[in-house]
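Below, each chain spelled out in residue letters.
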Amino acid sequence: MFNKPIWRHILIGFAWVTSIGGIIVLMSFIESKKSAVLCTDVKIYIPGNQYFIDKEEVDNILQVKSKAIIGRKLDDINIHALENKLKANPFIEFAKVYMEMDGVVHVEISQRQPILRILNKFDQDFYVDQHGLKIPLSANFTAKVLVATGYIEELFANRVDSLHNTLTTDLYRTADFIRKDSLWSVQIVQIYVNSTHEIELIPRVGNHRILLGNADSLAIKFANLLAFYKQALPKVGQDTYKIINIKYANQVVGIKNEVLKKDSVNRKITSIKPDTSTKKNITLRED
């Protein structure tokens, strides 16, 4: 009698050999057909609503209009070389090129997303993207992002590069925090670095400046500022203070305008409600 386990293994092995052989034949057929198919079109897909690089510029990089791709055999097109050419552009974060058997070459591009624009003390102007990388400005598009000016010493070599300065890293962290918050992304319109290299925020509403200091404890500092806006400003008015200092963890210091100072006979220290993130009292001091 036949040994059933042995025959089962033989049949399974035969099935595997047949399948692999079929795959090899199919791949050979596809490669053979691919070598005869010509590129008939290049379709470019750029998602998002910020166009630092447009389809025309991608056409130029890939030399589409000069017939460098269209009309060539698919087998002769090096898609990896095309991807590397695209990735060399400072505004492109990711590029994928693939082809279909109908002769169409597809190009998918992911752009870098700036979150901050910096004008340094040397009049160099550049963006910082969502990953904290410096990128140049674009002639095609201007991003609506926070602008930081003042005593910023971070240099820009007109190429994609990381941040080298602690202060500039703090600017990036601050801008990233603000853009992710629906309230502060509307209220804060500009960032300024003063002569002592501290960060100041310029609000949309009010004539004051907000002294942030650095990017430490951002959640606590902005929670303190929100408590100040809700509890203190309605009592004294938007123009009472020229500076609201939130750089201390448990204290908001309001520095009055000079005109209002003259009308104040007494200085006073008041308290506003505890910040729920720290469970400590936040003191408002008027200077």
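Here is what the cut-offs are and how they apply
- Residues numbered from 1 in each chain as written.
- Predicted model: local features only at pLDDT ≥ 70, side-chain atom pairs only at ≥ 80, totals over all residues.
- Heavy atoms only, no water.
- Helix = DSSP H or I, 4+ residues; strand = E, 2+ residues; numbered from the N terminus.
- Polar contact = N/O pair within 3.5 Å; in protein donor to acceptor, adjacent residues only side chain to side chain.
- Contact = heavy atoms within 4.5 Å.
- pLDDT = per-residue confidence, 0-100.
- Buried < 20%, exposed > 50% of the residue type's maximum accessible area, 1.4 Å probe, protein only.
- Phe/Tyr/Trp six-rings, centres within 6.5 Å; stacked < 30°, edge-to-face > 60°.
- Lys NZ or Arg CZ within 6 Å of the ring centre and 35° of its normal.
- Pairing = 2+ DSSP bridges.
- Axes fitted to C-alpha atoms, helices over the stretch in contact; angles between N-to-C directions.
- Parallel < 35°, antiparallel > 145°, perpendicular 65-115°, else oblique.
- Left-handed = near helix turned anticlockwise from the far one by under 90°.
- Nonpolar A, V, L, I, M, F, W, Y, C, P; charged D, E, K, R; others polar.
- Salt bridge = Lys/Arg side-chain N within 4 Å of Asp/Glu carboxyl O.

- The protein chain appears in an unreviewed UniProt entry as Cell division protein FtsQ from Mucilaginibacter paludis DSM 18603.

## Looking at the side chain of Thr-149
Next up, step 1: Take Thr-149: it is sitting in strand S7 (residues 146-150).
Next up, step 2: A polar contact is formed between the side chain of Thr-149 and the side chain of Gln-190, at a distance of 3.2 Å.
Next up, step 3: In contact with Thr-149, other than residues within four places in its own chain, are Leu-119, Gln-190, Ile-191, Tyr-192 and Val-193.

## Let's talk about the confidence of the model for the protein chain
Next up, step 1: Looking at the protein chain, the pLDDT average stands at 84 and 77% of residues meet or exceed 70.
Next up, step 2: Overall, residues 259-271 carries pLDDT values under 50, and its contacts beyond four positions in sequence, including any with other chains, amount to 15 contacts.

## Points about the side chain of Asp-129
Next up, step 1: If you trace the backbone, Asp-129 turns up in strand S5 (residues 125-129).
Next up, step 2: Using a relative accessible area of 0% as the deciding quantity, one classes Asp-129 as buried.
Next up, step 3: A polar atom in the side chain of Asp-129 sits 3.5 Å from the side chain of Arg-112.
Next up, step 4: A distance of 2.9 Å separates a polar atom in the side chain of Asp-129 from the backbone nitrogen of His-131.
Next up, step 5: Apart from residues lying up to four places away in sequence, Asp-129 is in contact with Arg-112, Gln-113, Pro-114, Ile-115, Ile-135 and Tyr-172.

## Description of the packing of aromatic side chains
Next up, step 1: With the rule as written, the count across this model stands at 8 aromatic pairs.
Next up, step 2: The structure contains a cluster of three or more aromatic residues connected by ring pairs, namely Phe-52, Phe-91, Tyr-127 and Phe-141.
Next up, step 3: The ring of Tyr-192 carries Arg-209 above its face, with NZ or CZ at 4.9 Å from the centroid.

## Digging into the sheet that holds strand S1 (residues 41-45)
Next up, step 1: Here we have 3 strands laid out as an open sheet, ordered S1-S3-S2, and mixed in their pairing. Each edge of the sheet is formed by a strand with only one pairing partner; in this case those strands are S1 and strand S2 (92-99). Averaged over neighbouring strand pairs, the angle between their axes works out to 15° when direction is ignored.
Next up, step 2: The pairing of S2 with strand S3 (residues 104-111) spans 7 bridges and is antiparallel. Looking across to S3, one finds that Ile-92 is bridged to Gln-111.
Next up, step 3: This element, helix H3 (residues 79-87), spans S2 and S3 of the sheet and lies at about 160° to S2.

## Some details on the packing of helix H4 (residues 166-179) against helix H6 (residues 218-231)
Next up, step 1: Two numbers describe how H4 lies on H6: the axes approach to 11 Å, and their chain directions differ by 55°. One element, H4, and the other, H6, form an angle in the oblique class. Helix-helix and strand crossings are classified by hand; for H4 and H6 the assignment is right-handed. Listed contacts from H6 to Arg-173, Thr-174, Phe-177 and Ile-178 of H4 are Leu-218, Ala-219 and Phe-222.
Next up, step 2: Here the residues of the contact of H4 with H6 are counted per class, giving 5 nonpolar, 1 polar and 1 charged.

## Considering the pattern of salt bridges
Next up, step 1: Within the structure shown, the criterion is met by 11 salt bridges.
Next up, step 2: A cluster of three or more residues bridged by salt bridges with shared partners is formed by Lys-134, Glu-154, Arg-159 and Asp-161.

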